[in-house]
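Now for the letters of each chain:
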Amino acid sequence: MQRSEDHRTFSASSESGVEPSAEQTASDVWARVKRRLRAELGEDIFASWFGRLEVDAVVEGCAYLTVPTRFLKSWIESHYSDRVLAVYRSEAPDVERIVIGVRNTLGRGETPPARRASEAPRATPAATIVGTSTESDAKPVSMPAPEPRGEASDLGGAPLDPRLTFESFIIGRSNALAHAAADRVAQSQNGQVIYNPLYLHAGVGLGKTHLLHAIGHAVRSQGRRVIYLTADRFMYGFVASLKAQTSLAFKERLRGIDLLIIDDVQFIQGKQIQQEFGHTLNSLIDAGRQIVVAADRPPADLESLDERVRSRLAGGLVVEVGALDEALRASILTTRIDALKQIHPTFEVGPSVVSYVARSITANGRDLEGAVNRLLAHATLTGSAITLETAEAAIRDLVRNREPKRVKIEDIQKLVASRYNVSRSDILSERRTAAVVRPRQIAMYLSKVLTLRSLPEIGRRFGGRDHTTVLHAVRKIEKALGEDNALSDEVELLKRMLQE
């Protein structure tokens, strides 16, 4: 209500010739930023992550933004902070950084300087600063703030998106296995539980959440009981039940269903919550009920989760949804364009443009969605045809902002060791068995192509080896990549995993 009153005050003062205040100007800029985010990312992504993102103040080149839950804060910071900053700076070039905080929390954090001496701000962000500064020293808040809606507290679960079905899922080489496993789970008859739990893992925007919703729709259509929960809803539901002294009912409700779907399990925090999550997994599996879980990494890499929970998750079928290859990206673009043509018949995108976008945007399906939305905006707002030149201009910042992540040699060693079932100490050791030599050479090759370290420095990081050893490894892997397609695909996957 405060914002409505501010808006009315602004209107009245404008009519009387009074200059708008800095806060009113910031609100106007933020409204334009949100409109641009909606146009670039699409309605689905915007509504999911940015609908409740608000501006609190803009002070000394820093925009202070707030969200209602810690989960939203973490997700936006991890996946969209650079995009928000870029869009904000396009509307307000004087903004050099953003701070995202949680509304109505008691965490210690950075407060807008202009408001420190006045009443308490709407948020005291425990935040990460994005831009030219460093991270705040704020103490993180371990639990998401309670949401105003009661969906999670009564464990009704999050709603299933009606568009995310098996019929709308586009299958390619990278996701065929995950799709087949999901379809098998969805079509299993009552009492016939397979692949329990089914664990899907992938990076952002590769389709794992789509498969979760598709399973939920298929099972629910059979008249069976389904609950779909994100990690933050599970955590909030459990904490709310403890406060209301209804934890027994919470547990019984969870354990009385046919299918439990948990998304983004990597965000589950807190010892007591993890214990309850583990008990829930055990109870449902022992009772023959199906569980489907999704995360951004394999169970073994969920360091924050209790070891027993990780072991239980790894005990079912673990499937990775791979990166989108170019053919699959082109199929996704074509499908999305065809769907929009039903609404905008004059929207035409030629095969050469589709091919160009598919080659240029390699990160995930969400960026492809954003690219199509930009092409549509150009076509409908200017009335001109989509050419290669206009497509290049429309998606330029999507491509330009994908700067490679700075990769550390230690990260390369850990990932390669995990993928080849050896330890990092094996890679650094003097062992010369085939099971260790090949992963070691691949790790050296990746260190050469993904970092700026010299050959002698790489050799020192690999157990004090000579630079000639590193050079031999690099040349051997380069030669093998030209002869072994499977190895080439594997190394490309490792590169993408390290750079995402």
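Residues numbered from 1 in each chain as written. Predicted model: local features only at pLDDT ≥ 70, side-chain atom pairs only at ≥ 80, totals over all residues. Heavy atoms only, no water.

Undergrad: How should the overall build of the protein be read in this particular structure?
TA: Broken down by element type, the protein carries 22 helices and 9 strands. Buried residues in the protein amount to 48% of all 500 residues. In the protein, once contacts between residues fewer than 6 apart in sequence are set aside, the share between residues at least 24 apart is 73%. Element-wise, carbon and sulfur atoms account for 50% of the exposed surface of the protein, whose accessible area totals about 24600 Å². (Helix = DSSP H or I, 4+ residues; strand = E, 2+ residues; numbered from the N terminus. Buried < 20%, exposed > 50% of the residue type's maximum accessible area, 1.4 Å probe, protein only. Contact = heavy atoms within 4.5 Å. Areas by Shrake-Rupley, 256 points an atom, 1.4 Å probe, with all protein chains shown as cover.)

Undergrad: Would you take a moment to explain helix α21 (residues 467-481) for this structure?
TA: Since the α-helix packs 3.6 residues into each turn, any two residues three or four apart lie on the same face. For α21, with 15 residues, the first-to-last C-alpha span of 21 Å sits near the 21 Å given by 1.5 Å per residue. Residues of α21 that are buried sit in contact with α19 (434-450), α20 (455-461) and α22 (485-499). (Expected span 1.5 Å × (residues − 1).)

Undergrad: Just checking my understanding: could you explain the sheet that holds strand β5 (residues 198-201) for this structure?
TA: Strand pairing within a sheet occurs via backbone hydrogen bonds; the two strands may be parallel or antiparallel. With respect to topology, 5 strands assemble into an open sheet ordered β6-β7-β8-β5-β9, the strand pairing being parallel. Edge positions in the open sheet fall to β6 (226-230) and β9 (317-320), since each of these has one partner strand only. Sheet twist, expressed as the mean angle between neighbouring strand axes with direction ignored, is 15°. (Pairing = 2+ DSSP bridges. Axes fitted to C-alpha atoms, helices over the stretch in contact; angles between N-to-C directions.)

Undergrad: Before we go on, may I ask you to explain helix α7 (residues 208-221) in this structure?
TA: Look at α7: 20 Å from first C-alpha to last across 14 residues, which is about the 20 Å you get at 1.5 Å a residue. Counting buried positions over the 14 residues of α7 gives 10, a clear majority of the element. If you check which residues of α7 are buried, you get Lys208, His210, Leu211, Leu212, His213, Ala214, Ile215, Gly216, Ala218 and Val219. Where α7 is buried, its residues meet α6 (176-187), β5, β6, β7 (259-263) and β8 (290-295).

Undergrad: I would appreciate a short explanation of the packing of α6 against α7 in the present structure.
TA: The angle between the axes and the distance between the axes are what describe a pair of packed helices. Viewed as axis vectors pointing N to C, α6 and α7 meet at an angle of 20°, and their least axial separation amounts to 9 Å. As the angle between them shows, α6 and α7 are arranged roughly parallel. Once α6 is placed against α7, the crossing between them reads as right-handed. Across the interface between the two elements, Ala178, His179, Ala182, Val185, Ala186 and Gln187 of α6 pack against Leu211, Ile215, Ala218 and Val219 of α7. By residue class, the composition of the contact of α6 with α7 is 8 nonpolar, 2 polar and no charged. (Parallel < 35°, antiparallel > 145°, perpendicular 65-115°, else oblique. Left-handed = near helix turned anticlockwise from the far one by under 90°. Nonpolar A, V, L, I, M, F, W, Y, C, P; charged D, E, K, R; others polar.)

Undergrad: Just to check I follow, could you spell out the environment of Thr335 for this structure?
TA: Along the chain, Thr335 turns up in helix α12 (residues 326-341). Between the C-alpha atom of Thr335 and that of Ser168, which follows or precedes it by 167 residues, the distance is 9.1 Å.

Undergrad: So what exactly am I meant to see when it comes to unusual backbone geometry here?
TA: Across residues other than glycine, the phi torsion is negative in most instances, and most of the peptide bonds are trans. Of note, the amide linkage connecting Asn196 to Pro197 takes the cis form, showing an omega dihedral of -5°. Within the secondary structure, Pro197 sits in the loop between α6 and β5. Positive phi, normally seen in glycine, also occurs at Asp264, with a value near 55°. When you line up the elements, Asp264 lands in the loop between β7 and α10 (271-286).

Undergrad: For this particular structure, what's the right way to read the confidence of the model for the protein?
TA: Close reading of the predicted structure is inappropriate where its pLDDT is low. Taken residue by residue, the protein gives an average pLDDT of 78. The fraction at 70 or more is 82%. Looking at the elements of the protein, mean pLDDT is at its lowest for strand β4 (residues 129-131), recorded as 37, and at its highest for β5, recorded as 94. Contacts from residues 1-23, a stretch scored under 50 in pLDDT, to residues over four places away or in other chains number 13 contacts. In the predicted structure, residues 105-155 sits below a pLDDT of 50 and forms 130 contacts with residues beyond four places in sequence or in another chain. (pLDDT = per-residue confidence, 0-100.)

Undergrad: Sorry, what's going on with the pattern of salt bridges here?
TA: Opposite charge on two side chains lets them pair, provided their charged atoms get close. Per the stated rule, a full pass over the model turns up 23 salt bridges. A salt bridge links Arg336 to Glu369; the shortest N-O distance between them is 3.2 Å. Here the residue Arg336 occupies a position in helix α12, and Glu369 occupies one in helix α14 (residues 365-382), the gap between them amounting to 33 residues. Given the relative accessible area of 27%, Arg336 is considered partly exposed. (Salt bridge = Lys/Arg side-chain N within 4 Å of Asp/Glu carboxyl O.)

Undergrad: Hey, could you run me through the nonpolar core in this one?
TA: Most often, soluble globular proteins keep nonpolar side chains buried together rather than apart. With 54 residues, the main nonpolar core has Phe50, Leu65, Tyr88, Phe234 and Val265 as its most contacted residues. Contacts of Val265, omitting those with residues within four sequence positions, involve Tyr199, Ala231, Phe277, Val293, Ala294, Ala295, Leu302 and Leu305. With 51 residues, the next largest nonpolar core counts Val349, Val353, Val354 and Leu368 among its residues. (Core = buried A, V, L, I, M, F, W, Y, C linked by side-chain atoms within 4.5 Å.)

Undergrad: How do you make sense of the side chain of Thr165 when you look at a structure like this?
TA: Here Thr165 shows up in the loop between β4 and α6. At 3.3 Å, the side chain of Thr165 and the side chain of Glu167 are in polar contact. Setting aside its immediate chain neighbours within four residues, Thr165 contacts His210, Ala214 and His217. (Polar contact = N/O pair within 3.5 Å; in protein donor to acceptor, adjacent residues only side chain to side chain.)

Undergrad: Explain the environment of His213 to me, please; I cannot follow it from the model alone.
TA: Relative to the assigned elements, His213 resides in helix α7. His213 sits in the buried class, given a relative accessible area of 5%. Each C-alpha atom, one on His213 and one on Tyr228, is 8.0 Å from the other, the two residues being 15 residues apart in sequence. Residues contacting His213, with those up to four places away along its chain left out, are Pro159, Leu160, Asp161, Leu164 and Tyr228.

Undergrad: Mind showing me how you'd approach the packing of aromatic side chains here?
TA: Two numbers describe a pair of aromatic rings. These are the distance of the centres and the angle of the planes. As enumerated under the stated definition, the model contains 4 aromatic pairs in all. Seen in terms of ring centroids, Phe46 and Phe50 are 6.2 Å apart; in terms of plane orientation they differ by 25°. Their pairing is stacked. Placement of both Phe46 and Phe50 in helix α3 (residues 43-50) is noted, with a separation of 4 residues, approximately one turn of the helix. Of the two residues, Phe46 and Phe50, neither departs from the other in class, the shared state being buried. Ring geometry for Phe234 against Phe277: centres 5.5 Å apart, planes inclined by 75°, an arrangement best described as edge-to-face. (Phe/Tyr/Trp six-rings, centres within 6.5 Å; stacked < 30°, edge-to-face > 60°.)

Undergrad: Got a minute to help me understand the pairing of strand β1 (residues 54-59) in this structure?
TA: On any regular strand, side chains alternate: one points to one face of the sheet, the next to the other face. Looking at chain direction, β1 and strand β2 (residues 62-67) are connected through 5 bridges and run antiparallel. Among the inter-strand pairings, Val58 is bridged to a residue of β2, identified as Ala63. The turn joining β1 and β2, which pair antiparallel and follow one another in sequence, is formed by 2 residues; a positive phi near 50° is taken by Glu60.

Undergrad: Even after reading the chapter, I still don't get a positive patch on the surface, so can you show me in this structure?
TA: Taken together, the side chains of Arg406, Lys408, Lys414, Arg424 and Arg453 present a region of like positive charge at the surface. Within the fold, Lys408 resides in the loop between α16 (396-400) and α17 (409-419). (Patch = residues over 30% accessible without salt bridge, like charges linked within 9 Å, V, L, I, M, F, W, Y side chains within 5 Å. Lys, Arg positive; Asp, Glu negative; His and termini not counted. Charge placed at Lys NZ, Arg CZ, Asp CG, Glu CD.)

Undergrad: Honestly, the pairing of β6 in this entry has me stumped. Any pointers?
TA: By the criterion of burial, β6 is predominantly enclosed, with 5 of the 5 residues buried. Residues Val226, Tyr228 and Thr230 of β6 are buried on one face, and the alternating residues Ile227 and Leu229, pointing to the opposite face, are buried as well. Relative to β7, β6 runs parallel, the two being bridged by 5 bridges. Paired with Ile227 across the two strands is Leu260, which belongs to β7.

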